[in-house]
There are 2 protein chains.
Amino acid sequence: MERLHIFSGKKVMITGGMGFIGSNLAHQLIGLKARVLIIDSLSPLYGGNFFNIKGIEDKCKIFINNVSNQILINNLVKGQDFIFNLVGQRSHIDSMNNPLLDLETNCHSHLVLLEACKRYNPGVKIVFAGTRTQYGSPVYLPVDEKHPMNPLDISGINKMAAEAYHLLYYRNYGIKTTSLRLTNVYGPRHQMKHSRQGFLNWFIRLAMDDEKIRIFGDGRQLRDFIHVEDVVRAFLMVAVNKKTDGQVFNLGTDNPVSIIYAAKLIVELAGSGKIKRVPFPEKNKKIEVGDYYSDFTKAKEIVGWRPDVSFRDGLKMTVDYYRKNKRHYWK
Amino acid sequence: MERLHIFSGKKVMITGGMGFIGSNLAHQLIGLKARVLIIDSLSPLYGGNFFNIKGIEDKCKIFINNVSNQILINNLVKGQDFIFNLVGQRSHIDSMNNPLLDLETNCHSHLVLLEACKRYNPGVKIVFAGTRTQYGSPVYLPVDEKHPMNPLDISGINKMAAEAYHLLYYRNYGIKTTSLRLTNVYGPRHQMKHSRQGFLNWFIRLAMDDEKIRIFGDGRQLRDFIHVEDVVRAFLMVAVNKKTDGQVFNLGTDNPVSIIYAAKLIVELAGSGKIKRVPFPEKNKKIEVGDYYSDFTKAKEIVGWRPDVSFRDGLKMTVDYYRKNKRHYWK
């Protein structure tokens, strides 16, 4: 972690910087004395929330706009040392209901950003947020970076294309890009209004509201849930490590847990909520991938990253955060 | 081929129907008594040319418009039995110079078409034109359909995404889609104004103009050139074969030939032109894939397709066509 002092005084742009991971990154970077520029559309469909940058809002430059705005982005990228490229749409259902909007957010925006960097800032380092949904159903476990990509939804296809753009701009133009393929990230500053962007935070809300958490089937599918603090650290470590240029890395955990275990632990920590098992709905069967967990050996070996936050501690921090700030996330 | 009488009286839409492959398909389909609807942007960047449908123009419905025009496409797809989806941008250089335009043509258009079919014609059969550039540099030869996809340019990435959309709409909505991954297609009705969409037709023009054909390096890289007649037959055979739903197929030839051999044969058949060897330019090295030829066993076994036109005959037909129609293609 000592290398992270590098960020002191550096110009850092975060796309989607008021969203879940972006805002957590912004908090860390301000702590490291970076000069942070945030761009976020604050689209009600996505996870951006002004409250996410509470306490640092006067220390950042903030632009409320779309990353697909070419003229703006051409100007913003100039002089940046690092870009954390977290703009994106990650709801399966939203991507299927509105594939054209998904294309704009998950492909068009990234081409605009990369073209801007090619012209106006080819020396910048960019870290892109990829996703495990690029892989689709695992054909072996744990899933490493060589696993074939067969995404099962529009969002996964577009993310796959967006990651490929980043790697192409490294190979052809020398722009230093890295992709982190994220699994189930949870923690503070995730939107809590609906379940369309990952179920773990939604389970937390249901439990805190003393509602029923519905588990499809037996709930024994394994997942590797990562706390956002660990993910933020991975983004920072990758950004300052030259060996990551043009590379992709899985993030993951050593201890995948079952969905039913996660739900029970949430109910325990929240002190409320109930679990209800229901049969697997037909429409969910098509996108259910069964067990999923990543092999993150490459990140361990090249970046020296591994997750630090235990699942219990991570959940507890999350429940505590929302207990304190509920009114900013619930409605 | 006897099954192709099925097209008689059928409603068939061809996107990019005034382009190279699209117009050759249109001629065949009119011969088979299909009711053909063509949509083509006639964008000067692409291969559309009114002369390509000379002789059948009064037997087709023709719309000069973009496939990304949602309202138009929603209306056009209604009632179609087959859609040959040939809209696309396949120039490497154009895709790198204008990635956002490439995204519109190679991704946005296809999502518009697929969404239109999902809503207004879910029973239609769609055959999509994929490309070998989805694979990138071969890691083994011949390249079969399981070969990993590592496209080396924007067009290849976007084609990979577009093909994935087609397969997704089959899996999730039952729309009968098939992708044919094409290699180097040559023949009549290809545009002849520039070299950006494949070099073989360009070599033919240079030879016919008694110019120098420049060969980079030793020219011994192997390629499988397919005559457009064979490709058209593959599209038709795939369209009427239920076993192709949700599948991808390589097309290819049994006899890959070297680039230098192709150039020499063209000079011989044209009766003019010269060959000049030059060192490999730096910028071309990045995208040169070395030998490339496909394994098309799957198409042989499931569709019963194999190429019929010998390279010599195919080239001769092509030279003859342009000799007769030069003024419609040269300027």
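Residues numbered from 1 in each chain as written. Chains lettered and ligands numbered in written order. Predicted model: local features only at pLDDT ≥ 70, side-chain atom pairs only at ≥ 80, totals over all residues.

A. Expanded view of the overall build of chain A. From N to C terminus, chain A includes 11 helices and 13 strands. The globule rule puts the C-alpha radius of gyration for 331 residues at 20 Å, and the 19 Å found for chain A is close to it. Based on the C-alpha atoms only, the size of chain A along its principal axes is roughly 55 × 45 × 40 Å. Residue burial in chain A is summarised as follows: out of 331 residues, 52% are buried. (Helix = DSSP H or I, 4+ residues; strand = E, 2+ residues; numbered from the N terminus. Rg over C-alpha atoms; globule rule 2.2 N^0.38 Å. Buried ≥ 20, exposed ≤ 12 C-beta atoms within 10 Å, placed from the backbone.)

B. Structural context of the sheet that holds strand β11 (residues 247-250) of chain B. Residues and elements named next belong to chain B. With parallel pairing, 7 strands are arranged side by side in an open sheet as β3-β2-β1-β4-β5-β6-β11. Here the strands that pair on one side only, and so sit at the sheet edges, are β3 (60-64) and β11. Put simply, the sheet's adjacent strands are angled 15° from each other on average, direction ignored. The pairing of strand β5 (residues 125-131) with strand β6 (residues 176-182) spans 7 bridges and is classified as parallel. (Pairing = 2+ DSSP bridges. Axes fitted to C-alpha atoms, helices over the stretch in contact; angles between N-to-C directions.)

C. How the structure looks around the relation of the copies chain A and chain B. Overlay of chain A on chain B (RMSD 0.0 Å): rotation 180°, translation along the axis 0.0 Å. Read as a symmetry element, the transformation amounts to a two-fold axis. The C-alpha atom lying nearest the rotation axis in chain A is that of Ala161(A); the distance is 3.2 Å. Both copies contact each other with a shared surface, as 100% of the interface residues of chain A are interface residues in chain B too. (Least-squares fit on C-alpha atoms with pLDDT ≥ 70 in both. Contact = placed C-beta atoms within 7 Å.)

D. Just the packing of helix α4 (residues 99-120) of chain A against helix α5 (residues 154-173) of chain A, in detail. Residues and elements named next belong to chain A. Between α4 and α5, the shortest axis-to-axis distance is 9 Å and the interhelical angle comes to 10°. Between α4 and α5, the angle is such that the two are roughly parallel. When α4 is examined against α5, the residues Pro99, Asp102, Leu103, Asn106, Cys107, His110, Leu111, Leu114 and Lys118 are found in contact with a partner set consisting of Ile154, Ser155, Asn158, Lys159, Ala161, Ala162, Tyr165, His166, Tyr169 and Tyr173. Its residues placed into classes, the contact of α4 with α5 shows 11 nonpolar, 5 polar and 3 charged. (Parallel < 35°, antiparallel > 145°, perpendicular 65-115°, else oblique. Nonpolar A, V, L, I, M, F, W, Y, C, P; charged D, E, K, R; others polar.)

E. Fine view of helix α6 (residues 199-208) of chain A. Residues and elements named next belong to chain A. Burial analysis of α6 places 9 of its 10 residues in the buried class, the great majority of the element. Among the residues making up α6, those that are buried are Phe199, Leu200, Asn201, Phe203, Ile204, Arg205, Leu206, Ala207 and Met208. Positioned one or two residues after α6, Asp210 has a phi angle of 60°, which is positive.

F. Seen up close, the sheet that holds strand β4 (residues 82-85) of chain A. Residues and elements named next belong to chain A. On the basis of which strands lie adjacent, the open sheet formed by 7 strands has the order β3-β2-β1-β4-β5-β6-β11 and parallel pairing. Edge positions in the sheet fall to β3 (61-64) and β11 (247-250), since each of these pairs with one other strand and no more. Mean inter-strand twist for the sheet, computed between neighbouring axes without regard to direction, equals 15°. With 4 bridges joining them, strand β6 (residues 176-182) and β11 adopt parallel strand pairing. Paired with Thr178 across the bridge in β11 is Gln247. The strands touched by helix α7 (residues 228-239) within the sheet are β4, β5 (125-131), β6 and β11, with β6 carrying the most contacts at an inclination of about 160°.

G. Examining the nonpolar core more closely. The biggest cluster of nonpolar side chains holds 180 residues, and the ones touching the most others in it are Phe235(A) and Phe235(B). If we ignore the near neighbours within four places in the chain, the residues touching Phe235(B) are Leu25(B), Phe84(B), Val127(B) and Leu180(B). (Core = buried A, V, L, I, M, F, W, Y, C linked by C-beta atoms within 7 Å.)

These results come straight from atomic positions and should not be treated as a statement about function.
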